[in-house]
2 protein chains.
Amino acid sequence: MVVTMDQDYNVISDGAVVIRNDQIVDVGESDQLSSAYQAKKVIDGNGKLVMPGLVNVHTHSPMTIYRGYADDLPLLEWLYEHIFPVEAKFATPDNVRTGTHLAVAEMLLSGTTCFNDTYYFVDQMAEVVDSCGIRAVLSESVVDFPAPNSPNPDVGLSHTLDLIRKWKNHPLIRISASAHTPFTASADSIVRARQMAVDHGLIFNIHLSETRWEVEESIKKHGVSPVKFLDNLGVLDSRTIAAHCVHLDDEDIDIFTKKDVAVGHNPQCNMKLANGVAPIQKFLDRGLRVGIGTDGVASNNDLDMFDEMRSSALAQKLSAGDPSVLKAQSVVEMGTIMGARAIGMGDIIGSIEPGKKADVILLDLGRPHAIPHFNVYSLIAYSLRGSDVETVIVNGQMLVDQRKLLTVDLETVYQKVKRLSKKLKAFAGMPKVMGRSFLA
Amino acid sequence: MVVTMDQDYNVISDGAVVIRNDQIVDVGESDQLSSAYQAKKVIDGNGKLVMPGLVNVHTHSPMTIYRGYADDLPLLEWLYEHIFPVEAKFATPDNVRTGTHLAVAEMLLSGTTCFNDTYYFVDQMAEVVDSCGIRAVLSESVVDFPAPNSPNPDVGLSHTLDLIRKWKNHPLIRISASAHTPFTASADSIVRARQMAVDHGLIFNIHLSETRWEVEESIKKHGVSPVKFLDNLGVLDSRTIAAHCVHLDDEDIDIFTKKDVAVGHNPQCNMKLANGVAPIQKFLDRGLRVGIGTDGVASNNDLDMFDEMRSSALAQKLSAGDPSVLKAQSVVEMGTIMGARAIGMGDIIGSIEPGKKADVILLDLGRPHAIPHFNVYSLIAYSLRGSDVETVIVNGQMLVDQRKLLTVDLETVYQKVKRLSKKLKAFAGMPKVMGRSFLA
C-alpha cells in the first residue's frame, strides 16, 4: 500500500514506486508499473506500507548523549544546572560527532529521512550526515553567551559562512542560519543571522515563545511579545521556521500568517517540560506550514517521529477539549509533506511523486498492533510506530534493510557512547560551578 | 540488569532471577545465584533489562477488532453512532474470541503479563486467556440496557455467577464483578454486582467520572457527583477499582482516600477522547493505589503499556505545569507493583521477589533509543517501548521468546480478523438504525 501524501492524498492499495538514481520516476498500480519498467532491484512491498520518509523539523541531534541525563526537573533547574553545564564541558567536536552518529542511527531506524538541526560543531555533524547518507538541514546556533565552539556571535556567524561554502552543492546537506532565541541572542545577532539566510538563500531557525516566562520577560524588557519583537526587527518571513510557538496570542498568529512563518512543533518536549500545548489547530486553520520535531533527546527522550505524531494529536485534542481536532490525516501531513514545506524543501521531498527525491520508507503491517485498519492515516498516526520501519531509502540509496543499518557501524558508536557516559555520570555527581549565573 | 520493583526499589546491575515452576524462588547477584543453583534452562540476560511484567489495569481486549474503526470524532457521536451500534452487531462469542486473541498477542509482545478486563462473553475470553497462558482478571460488564449477551442485568449477573464457578481455582484467571458506569447501570444493578464481589471475594470494576458530562448529569439527576452517588450506595471500598476518574473534586478524593478505592488511569484514551487529565499526582500524594490501563483499542489505538506509561508522565507534567510532577519511578511503579495492588494482586505479582509468581519480562537494551541511560526508571518510562520486549514469562512459562509468540497461532488469528474487518467495513458504510436513541 503506497501512501503518497501528494496533493490529492492518493493512496494506492496495490501500488509500486519506481526509483532511478536519486529520484522517484513513477508511482502507480503495481501490475502496470511492473510491466512498464525493467527493475534492477525489486523490494517486495507485500504486506508493507510505503510512505514518504518522515521529516523531523526541529532537533539537536548531538544531544542523544544526554538521553535521560536530567529528567523530571523544573525547567530552569534542568537547563541552567544540568544541560548548559554539561554542554559547556562535553560539547566537543568528538562528542558532537558521536551524538550525531547515535541520533542518525536512531532516526533512520524509526523512519526519519530528513532532519533540521541547530547545534554547535556543525561541520562535524555534516561529516556524519554525509557518511550515513541521511538528509539534513544543519545550522550553527548563534548565541550571545560563550558557546562551546564560539566565544561570541561573530565567531558563530563566521562558522555559518564557512559551512555554507564547504557544503554547497552537497546532495544531502543544506546549511541554514540560526539564532538561538530572542533572549539568548541579541537583536543585532538575530538580524545578522537572518541577513545571512537572505544573502545565501537559506532558511532561518529560531526558538520562539517556548515558555510563558519568555513571553513575560520579553514584555518586561521590550514591551512586546517575542513574536512582535522579532517582527519589529524585520526578521520574520517565509524562510523562518520558529520552534515551539507554545505561547502565541491572536496578534502573534496574525503576524505569522501575514509573514508566512513556518512552525516547528515539539509536542512531547512541550509536555515533558510542562511548557504547554501550542495552538497547532489554529495555525493549520490559518494556513501556516507546521512540521513536527522531536527536539533534543535531553527533553524527549527519543527521536521517534511516529511517537511524536501520535502525541501531537493527543495533546491537541486534550487542549481543545474536542476529539475531532487535529485529525489523523493532518498529523501525517505534518510529519511528511508539510514538514518538508516548513523547512523549504516541499519541492524535493515530503511526498511520493515523480520528480521528487527518493526518500521513502517501508513499514511492516504484520504485527498485531497494526491489525485491523480501516483508515490509513489513523493507522499511521495512532497504531504504527518507529519499530515497524523495515526499509529506509534516502536519495535513492537504501540505508536500512530489514531493520538493519547499512551505513552506520553501531558497535563503534556504542563503544564511544559508553565511554562518554561514564564521564557524564562522574560529572553529574560533581558540584556545578556555573549554576544559574551561567547566562548572566 | 534486574529492576525488582520491590519495597526498597532494588536494582541489581548484574543480577539473576531463579524461577521454579510458577514461582520466583530467588533474586540476587548473578555470580552468587549461578553457583547456588543448578538451572535446567538459562536465559541469557546479558545486555537486557529484566523487570516485572506490566499490569494493564483497565482494558476491553475484544475491542481490538475495532482498531481505527472510528477516530477523531466527538465523544457522543463516537460512542452512540459508531461503537455501540457496531458492538450490538458484532460482539458475538466468536468475534470476542478473535478480538481477545489478537489483544493477548499484542499485550504479550509488548510486555504485559496481566490485564484486568470488563466486557461481554467473558467465558470465551477466559478460554483464550487459558490457551495463551497470560494472566487476567475478567468480568462481565453489567448494564441496564440490552447488552450483546444479556437482555437485562439479571442475566449479566447470572453470567458472572457462572463464571465464578467455572473458573474457580484456575492458576491464571480471576473473575471479578463489574457494573458498567453509574449512568448505564442502575443503582440496583450496581449494588447487586458489588455484593457479588463481596460474597465471593472479588474485586469490583466500574467506570467513574470519565467525562464532565457524566458529572453534570449525576448532579442533575442525583444532586451529587458520581463518586458521592456510589458512596451513598455504600459500594466503595478497597475492592473497588474505578476507571478513568478524570473529574474528581477534592471531596471525591477524600472519599476515595477514606474508602481506599483504587484508580485505573487511562491517559491516552482520556486525551484522545478529550476527556481531560485525571489528577494522578494528587491520588498518589493521598496514598491511593493507581494503576495504568490502555482502555479498549477503539479509543487508544493500541495496548502498549510502555507508550501508556510515557503518556501518563507527559500528561501529568503538562496538566500541572510542572515537569517535576509524576517522576519516572512513580510511572514504573504504577505500571507494575501498584497496578497489581490496584487489582488486588499485589501479594502475588507486580515485583520480582522470592515467593511471587514468575511474571517477568526481558527487554533489549541494544537499540540506539535505549542508549545511553543514567537512571533506570527514566530509561523504562521515557525511552523503552513495547517493541524492545524480547522475552515474556508468565507464571513461570515462557510465552514470548526472541520476540516470537509461543502460544498464539498468529496467522489463524489474522485470517479471522481479516474476514471480520471486511464485514466491519461494509457495516461502517451502512446507515445506522440505532443512532443516539440506542441508550434511551
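Predicted model, so just to flag it, every value in this text is computed and none were measured.

S.K.: Mind showing me how you'd approach the overall build of chain A here?
M.R.: When you go through chain A residue by residue, the secondary structure sums to 16 helices and 18 strands. Taken against the 2.2 N^0.38 rule, which gives 22 Å for 440 residues, the C-alpha radius of gyration of chain A at 21 Å falls within 12% of a compact globule. Principal axes of the C-alpha set define a box for chain A whose edges measure 65 × 50 × 40 Å. Taken across its 440 residues, chain A has 65% of its residues classed as buried. Intrachain contacts of chain A at a sequence separation of at least 6 include 72% that bridge at least 24 residues. About 15500 Å² of surface is accessible on chain A, with carbon and sulfur atoms providing 48% of the total. Both charge centroids of chain A, one from 43 positive and one from 54 negative side chains, sit 4 Å from each other.

S.K.: It is not clear to me how the packing of aromatic side chains should be interpreted in this structure. Could you clarify?
M.R.: Within a pair of aromatic rings, the relevant descriptors are the distance that separates the centres and the angle that separates the planes. Tallied over the entire structure, the rule returns 14 aromatic pairs over all chains. Put simply, the rings of A:Tyr66, A:Tyr69 and B:Phe374 pair up and form one aromatic cluster. A cation over an aromatic ring shows up here: B:Lys272 above the ring of A:Tyr382, its NZ or CZ 4.7 Å from the ring centre.

S.K.: Would you explain the state of the cysteines in this entry?
M.R.: In a disulfide, the sulfur atoms of two cysteines are covalently bonded to one another. A full pass over the atoms with the stated rule returns 0 disulfides over all chains. This cysteine, A:Cys132, is not joined by any disulfide, and A:Cys114 carries the nearest cysteine sulfur, 14 Å off.

S.K.: How should the side chain of A:Thr113 be read in this particular structure?
M.R.: Following the sequence through the fold, A:Thr113 ends up in strand E7 (residues 112-119). For A:Thr113, a relative accessible area of 1% gives the class buried.

S.K.: How do you make sense of the interface of chain B and chain A when you look at a structure like this?
M.R.: For an interface, size is often stated in terms of accessible area lost upon the parts coming together. Contact residues are listed per partner, giving 59 residues for chain B and 59 residues for chain A. Overall, the association of chain B and chain A removes approximately 4800 Å² of surface from exposure, summing both partners, and the carbon and sulfur fraction of that is 62%. When the buried area of chain B at its contact with chain A is split by residue, B:Asp72, B:Leu318 and B:Phe374 rank highest and sum to 16% of it. The interface formed by chain B and chain A contains 9 salt bridges. At the junction of chain B with chain A, the criterion picks out 23 residue pairs in polar contact (both at pLDDT 80 or more).

S.K.: What is the right way to read a nonpolar patch on the surface from this model?
M.R.: A contiguous nonpolar surface patch, about 240 Å² in accessible area, is contributed by B:Leu76, B:Phe183 and B:Trp213. Classification of B:Trp213 as partly exposed rests on a relative accessible area of 34%.

S.K.: When you look at the packing of helix H4 (residues 122-132) of chain B against helix H5 (residues 153-167) of chain B in this model, what are you seeing that I'm missing?
M.R.: Between two packed helices, what matters for the description is the angle formed by their axes and the separation of those axes. Residues and elements named next belong to chain B. One way to put it is that H4 packs onto H5 with a least axis distance of 10 Å and a crossing angle of 25°. For the element pair H4 / H5, the angle class is roughly parallel. The two elements H4 and H5 cross, and the hand of that crossing is right-handed. Where H4 approaches H5, its residues Val122, Asp123, Ala126, Glu127 and Asp130 are matched on the opposing element by Leu163, Lys166 and Trp167. Here the residues of the contact of H4 with H5 sort into 4 nonpolar, no polar and 4 charged.

S.K.: Mind showing me how you'd approach the pairing of strand E7 (residues 112-119) of chain B here?
M.R.: Each regular strand shows side chains that alternate between the opposite faces of the sheet. Residues and elements named next belong to chain B. Taking burial as the measure, the 8 residues of E7 include 8 buried ones, the bulk of the element. Pairing geometry for strand E6 (residues 54-59) and E7, over 4 bridges, is parallel. Directly across from Val55, in E7, lies its bridge partner Cys114. Where E7 and strand E8 (residues 135-140) come together, 6 bridges link them in parallel fashion. In the sheet register, Phe115 faces E8, and the bridge partner there is Ala136.

S.K.: Can you help me understand the domain arrangement of chain A in this one?
M.R.: Residues and elements named next belong to chain A. One can read the domain layout of chain A as domain 1 (2-51 + 357-403) and domain 2 (53-342). Between domain 1 and domain 2, the C-alpha centre-to-centre distance is 28 Å. Together, the buried faces of domain 1 and domain 2 total about 2200 Å²; carbon and sulfur atoms form 65% of this surface. Three residues, Met5, Ala381 and Tyr382, lead the burial of domain 1 against domain 2; their summed loss comes to 25% of the area buried on that side. Across the domain 1-domain 2 interface, the total number found is 1 salt bridge.

S.K.: Mind showing me how you'd approach the sheet that holds E7(B) here?
M.R.: As a general point, the strands of a sheet are linked pairwise by backbone hydrogen bonds and lie either parallel or antiparallel. Residues and elements named next belong to chain B. Read across the open sheet, the 4 strands follow the order E6-E7-E8-E9; overall the sheet is parallel. Lying at the two open borders of the sheet, with one neighbouring strand each, are E6 and strand E9 (173-175). Along the sheet, successive strands turn relative to each other by an average axial angle of 15°, direction set aside. Here E8 pairs with E9 via 3 bridges, running parallel. Its bridge partner being in E9, Leu138 is matched across the sheet by Ile175. Contacts from helix H12 (residues 305-320) reach E6 and E7, with the element oriented near 80° to E6.

S.K.: Sorry if this is basic, but what is going on with the relation of the copies chain B and chain A here?
M.R.: Both copies of the chain are related through a single rotation about an axis accompanied by a shift along the same axis. After a rotation of 180° and a shift along the axis of 0.0 Å, chain B superposes on chain A with an RMSD of 0.0 Å. The relationship between the two copies is best expressed as a two-fold rotation axis. No C-alpha of chain B lies nearer the rotation axis than that of B:Ser387, which sits 3.2 Å from it.

S.K.: In this structure, what is going on with empty space enclosed by the protein? I would like to understand it.
M.R.: It is the rolling of a water-molecule-sized probe over the atoms that shows where space remains empty. Residues and elements named next belong to chain A. For the structure shown, the criterion picks out 7 cavities of 30 Å³ or more. The calculated volume of the largest cavity comes to roughly 460 Å³. Trp78, Leu79, His180, His207 and Glu210 are, among the 31 residues lining the largest cavity, the residues nearest its centre. Looking at the lining of the largest cavity, its residues break down into 16 nonpolar, 11 polar and 4 charged.

S.K.: Sorry if this is basic, but what is going on with the pattern of salt bridges here?
M.R.: Inspection of every chain in the model, using the stated rule, returns 56 salt bridges over all chains. For the salt bridge of B:Asp249 with B:Lys228, the shortest nitrogen-to-oxygen distance reads 3.6 Å. Taken together, the residues B:Asp249 in the loop between strand E12 (240-244) and helix H9 (250-259) and B:Lys228 in helix H8 (residues 226-233) connect sequence positions 21 residues apart. On the accessibility criterion, B:Asp249 (35% relative accessible area) is partly exposed. With relative accessibility at 16%, the residue B:Lys228 sits in the buried group. The structure contains a network of salt bridges with shared partners spanning A:Asp302, A:Asp304, A:Asp307, A:Arg310, B:Asp307, B:Arg310 and B:Arg385.

S.K.: Honestly, the side chain of B:Thr98 in this entry has me stumped. Any pointers?
M.R.: By secondary structure assignment, the location of B:Thr98 is in helix H3 (residues 93-109). Beyond its immediate stretch of four places on either side in the chain, B:Thr98 contacts B:Val413, B:Lys416 and B:Val417.

S.K.: Help me understand the sheet that holds E12(B) in this model?
M.R.: Residue and element names in this part refer to chain B. If you trace the 5 strands from one edge of the open sheet to the other, you get E10-E11-E12-E13-E14, paired in parallel fashion. Two strands in the sheet have a free side with no partner beyond their single neighbour: strand E10 (177-178) and strand E14 (290-292). The pairing of strand E11 (residues 204-208) with E12 spans 5 bridges and is classified as parallel. Counted as the bridge partner of Phe204 is Thr240 from E12.

The rules we used
Residues numbered from 1 in each chain as written. Chains lettered and ligands numbered in written order. Predicted model: local features only at pLDDT ≥ 70, side-chain atom pairs only at ≥ 80, totals over all residues. Heavy atoms only, no water. Helix = DSSP H or I, 4+ residues; strand = E, 2+ residues; numbered from the N terminus. Rg over C-alpha atoms; globule rule 2.2 N^0.38 Å. Buried < 20%, exposed > 50% of the residue type's maximum accessible area, 1.4 Å probe, protein only. Contact = heavy atoms within 4.5 Å. Areas by Shrake-Rupley, 256 points an atom, 1.4 Å probe, with all protein chains shown as cover. Lys, Arg positive; Asp, Glu negative; His and termini not counted. Charge placed at Lys NZ, Arg CZ, Asp CG, Glu CD. Phe/Tyr/Trp six-rings, centres within 6.5 Å; stacked < 30°, edge-to-face > 60°. Lys NZ or Arg CZ within 6 Å of the ring centre and 35° of its normal. Disulfide = S-S within 2.5 Å. Buried area = accessible area lost by both parts, 1.4 Å probe. Salt bridge = Lys/Arg side-chain N within 4 Å of Asp/Glu carboxyl O. Polar contact = N/O pair within 3.5 Å; in protein donor to acceptor, adjacent residues only side chain to side chain. Patch = residues over 30% accessible without salt bridge, like charges linked within 9 Å, V, L, I, M, F, W, Y side chains within 5 Å. Axes fitted to C-alpha atoms, helices over the stretch in contact; angles between N-to-C directions. Parallel < 35°, antiparallel > 145°, perpendicular 65-115°, else oblique. Left-handed = near helix turned anticlockwise from the far one by under 90°. Nonpolar A, V, L, I, M, F, W, Y, C, P; charged D, E, K, R; others polar. Pairing = 2+ DSSP bridges. Domains from an automatic or database assignment. Least-squares fit on C-alpha atoms with pLDDT ≥ 70 in both. 1 Å grid on protein atoms, 1.4 Å probe; cavity = no way out; pocket = protein on both sides within 12 Å on 5 of 7 lines; lining within 4 Å. Points joined across faces, edges and corners; volume = space filled by probe spheres on them.

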